[in-house]
Amino acid sequence: MKSERDFYEEGIDLFNAGRFFECHEAWEEVWKRSEGEAKLFYQGLIQAAVAILHAQRGNLEGARSLHEKASAKLDAIPDAHMGIALSEMRAALAEFISLALRGDGNPLAPPPRLRRIGPRRE
């Protein structure tokens, strides 16, 4: 059986591979078992992934709404958290969503990635 750490790490890998629906599924397994700040952290990551997915599919209102919800949770979390550079992802996500919301017909920027700080946690 996969551990919470396994699901978390799998979610990071899937996010960085651009597989936002799949990373949402992996992180949801951890989110369901979490409490307190950890639960908000996982929910924020899930909402960030879904915001990107909405933007890629052209659902700009969904992207805006989920980005706001994700930001409300993730902005209170330290810049470096659980082995990732969260501040970098927050900034890249805000820029990605901002460009998507322009709706000027230009291709979307590359989606944000989660940069690991230190070794992969097993």
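The structure this text deals with has already been given above.
A few points on the structure. The numbering scheme is per chain: residues are counted from 1 as the chain's sequence reads. Under the rules for a predicted model, residues below a pLDDT of 70 receive no local features and side-chain atom pairs below 80 are neither given nor counted, while totals for whole chains, interfaces and linings still include all residues. Only hydrogens and water are set aside when side-chain values are computed; all heavy atoms of the structure are taken into account.

1. What to know about the pattern of salt bridges
Then comes step 1: Put simply, a salt bridge is a Lys or Arg side-chain nitrogen that is within 4 Å of an Asp or Glu carboxyl oxygen. As enumerated under the stated definition, the model contains 10 salt bridges in all.
Then comes step 2: In this structure, the salt-bridge partner of Arg-116 is Asp-13, at a minimum N-O distance of 3.1 Å. Taken together, the residues Arg-116 in the segment after α5 (86-102) and Asp-13 in helix α1 (residues 4-16) connect sequence positions 103 residues apart.
Then comes step 3: Exposure is judged per residue with a 1.4 Å probe applied to protein chains only, and the accessible area is read against the type maximum: over 50% gives exposed, under 20% gives buried, and values in between give partly exposed. Take Arg-116: its relative accessible area is 23%, and that puts it in the partly exposed class.
Then comes step 4: Members of the salt-bridge network, linked through shared partners, are Arg-5, Glu-9, Asp-13 and Arg-116. Secondary structure elements are taken from DSSP: a helix is a run of H or I of four residues or more, a strand is a run of E of two residues or more, and numbering for both begins at the N terminus.

2. Details of the packing of α1 against helix α2 (residues 20-33)
Then comes step 1: Running from amino to carboxyl end, α1 crosses α2 at an angle of 155 degrees, the nearest separation of the two axes being 8 Å. One element, α1, and the other, α2, form an angle in the roughly antiparallel class. The two elements α1 and α2 meet at a crossing, and its hand is left-handed. Within the contact between the two elements, α1 uses Glu-4, Phe-7, Tyr-8, Glu-10, Gly-11, Ile-12, Leu-14 and Phe-15 and α2 uses Phe-20, Glu-22, Cys-23, Ala-26, Trp-27, Glu-29, Val-30 and Arg-33. Lines fitted to C-alpha atoms define the axes here, with helix axes fitted over just the stretch in contact, and angles between the N-to-C directions of these axes take values from 0 to 180 degrees. Between 65 and 115 degrees an angle is taken as roughly perpendicular, under 35 as roughly parallel, over 145 as roughly antiparallel, and anywhere else as oblique. Two helices that cross are described as forming a left-handed crossing if the nearer one is turned anticlockwise from the farther one by less than a right angle, and a right-handed crossing if clockwise. Whether two residues are in contact is decided by their heavy atoms: any pair within 4.5 Å suffices.

3. Remarks on the packing of helix α3 (residues 36-56) against helix α4 (residues 60-74)
Then comes step 1: At their nearest, the axes of α3 and α4 sit 8 Å apart, and the two run at 160 degrees to each other. Classified by the angle between their axes, α3 and α4 sit roughly antiparallel to one another. When the axes of α3 and α4 are compared, the crossing they make is left-handed. In contact with Leu-40, Phe-41, Gln-43, Gly-44, Leu-45, Gln-47, Ala-48, Val-50, Ala-51, His-54 and Ala-55 of α3, α4 contributes Gly-62, Ala-63, Leu-66, His-67, Lys-69, Ala-70, Lys-73 and Leu-74.
Then comes step 2: Tallied by class, the residues present in the contact of α3 with α4 amount to 11 nonpolar, 6 polar and 2 charged. Charged residues are taken to be Asp, Glu, Lys and Arg, nonpolar residues to be Ala, Val, Leu, Ile, Met, Phe, Trp, Tyr, Cys and Pro, and polar residues to be all remaining types, Gly included.

4. Focus: the environment of Leu-86
Then comes step 1: Take Leu-86: it is sitting in helix α5.
Then comes step 2: In this structure, the C-alpha to C-alpha distance between Leu-86 and Leu-74, residues 12 residues apart in sequence, is 8.1 Å.
Then comes step 3: If sequence neighbours within four positions are ignored, Leu-86 has contacts with Phe-41, Leu-45, Leu-74, Ile-77, Pro-78, Asp-79, Ala-80 and His-81.

5. Details of the packing of aromatic side chains
Then comes step 1: Classification of ring pairs rests on two measures: the distance between centres of Phe, Tyr or Trp rings, Trp counted by its six-membered ring, which must be within 6.5 Å, and the angle between planes, read as stacked under 30 degrees, edge-to-face over 60 and tilted in between. Tallied over the full model, the rule gives 5 aromatic pairs.
Then comes step 2: Consider the rings of Phe-15 and Phe-20, whose centres lie 5.1 Å apart with planes at 85 degrees: the pair is edge-to-face.
Then comes step 3: Through a chain of ring-to-ring contacts, the aromatic side chains of Tyr-8, Phe-41 and Tyr-42 assemble into a single cluster.
Then comes step 4: Over a ring means this: the NZ of a Lys or the CZ of an Arg is within 6 Å of the ring centre and within 35 degrees of the ring normal. In this structure, Lys-39 is placed above the aromatic ring of Trp-31, and the distance from its NZ or CZ to the ring centre is 4.5 Å.

6. Some remarks on the nonpolar core
Then comes step 1: Residues grouped as a nonpolar core are buried Ala, Val, Leu, Ile, Met, Phe, Trp, Tyr and Cys residues, joined through side-chain atoms within 4.5 Å. Counting residues in hydrophobic clusters, the biggest one holds 34 residues, and the most contacted among them are Tyr-8, Phe-15, Trp-27, Phe-41, Leu-86 and Met-89.
Then comes step 2: By residue number, the principal contributor to this core is α3, which donates 11 residues.
Then comes step 3: For Phe-41, the contacting residues outside a window of four places in its chain are Tyr-8, Leu-74, Ile-77, His-81, Met-82, Ile-84 and Leu-86.

7. As for α1
Then comes step 1: Helix span is expected to be 1.5 Å times the residue number reduced by one. Its 13 residues place the ends of α1 19 Å apart at the C-alpha level, agreeing with the 18 Å of an ideal helix rising 1.5 Å per residue.
Then comes step 2: Looking at α1, one finds that the buried residues are Phe-7, Tyr-8, Glu-9, Gly-11, Ile-12, Leu-14, Phe-15 and Asn-16.
Then comes step 3: Summarising the contacts, the buried residues of α1 are in contact with α2, α3, β1 (80-81), β2 (84-85) and α5.
Then comes step 4: Once α1 finishes, Gly-18 follows within two positions and takes phi at roughly 80 degrees, a positive value.

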